[in-house]
Amino acid sequence: VDSFSGGKPTLETQLLRGQILRNPKLSNNNNNGNEDEDERSIDAIETLLWLALEEFSLCTEFTLPEEVLCLIPPSMTSYMDLSVPNSSMLISCPNYPNLRRQKRLSFTAAAFLENTEFGVNLRQILLNMSSTKTRLAFLLERYEYLNDKIKYSMMG
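So, a few notes on the structure that sits alongside this text.

## Points about the side chain of Thr132
Inspection of the secondary structure puts Thr132 in helix α6 (residues 132-155). We classify Thr132 as buried; its relative accessible area is 8%. In contact with Thr132, not counting residues within four places along its chain, are Ile42, Leu99, Gln102, Lys103 and Ser106.

Okay, structure coming up:
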C-alpha cells in the first residue's frame with residue numbers, strides 16, 4: 001500500500017522513490033531458489049541470524065556480551081550453544097514486543113562487524129535501510145559469508 005486514504009504517499013514510500021532510503025539487493029545463495037528472500041518472515045530471518053551469530057562466536061572464540069544475549073528469543077535459548085544469562089535477564093518476555101527486540105538486534109549485531117571488512121560505512125548503510133527485516137537479512141548474509149570465510153581459513 002503506497003498511500004493512506006488521503007491520497008499522499010507515505011513518507012517511507014517518498015524516501016524510497018527519492019532514493020534516500022535504499023534496500024540492498026540480497027543474494028539468493030542461501031535459499032537455493034526455493035524461497036524468495038522477501039517471502040521469509042522476519043522471525044525466520046532472526047532465527048537464522050542468531051544461528052549465524054552463534055557460529056561466529058564459536059569460530060572466533062568471541063563471547064557475546066550479556067546485553068546481546070538477553071535479546072535471544074526464549075524459544076531459542078534451549079538449543080543454542082551460547083552461555084545465555086539467567087532467564088530473569090531475558091527481556092524477550094511475552095510482553096516485550098518481538099519487533100522491538102528484532103530492531104535492537106539489527107543494530108547490535110552490526111557492531112561486531114565494524115572492525116571487519118564489512119565495517120566500512122556499515123552504520124550509514126543500515127540507517128538507510130527502510131525496515132528491520134531488511135537490516136536483519138543484510139546482516140545474516142554478511143555473517144554467513146564471514147563464517148564461511150573463517151571456516152575456510154581454518155581448514156587451509
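Further notes follow.
## Details of the nonpolar core
Of all hydrophobic cores here, the largest spans 31 residues; its most connected members are Leu49, Trp50, Leu53, Leu105, Leu139 and Tyr143. Secondary-structure elements contributing two or more residues to this core are α2 (42-60), α3 (66-69), α4 (98-111), α5 (122-128) and α6. When neighbours within four sequence positions are excluded, Trp50 is seen to be in contact with Leu64, Val68, Leu71, Ile72, Pro73, Met76, Met80 and Leu105.

## Re α2
In this model, α2 (19 residues) spans 26 Å end to end at C-alpha, consistent with the 27 Å of a helix rising 1.5 Å per residue. Residues Ile45, Glu46, Leu49, Trp50, Ala52, Leu53, Glu54, Phe56 and Ser57 constitute the buried set of α2. Glu61 lies just past α2 and shows a positive phi near 55 degrees.

Parameters and conventions
Residues numbered from 1 in each chain as written. Predicted model: local features only at pLDDT ≥ 70, side-chain atom pairs only at ≥ 80, totals over all residues. Heavy atoms only, no water. Helix = DSSP H or I, 4+ residues; strand = E, 2+ residues; numbered from the N terminus. Buried < 20%, exposed > 50% of the residue type's maximum accessible area, 1.4 Å probe, protein only. Contact = heavy atoms within 4.5 Å. Core = buried A, V, L, I, M, F, W, Y, C linked by side-chain atoms within 4.5 Å. Expected span 1.5 Å × (residues − 1).

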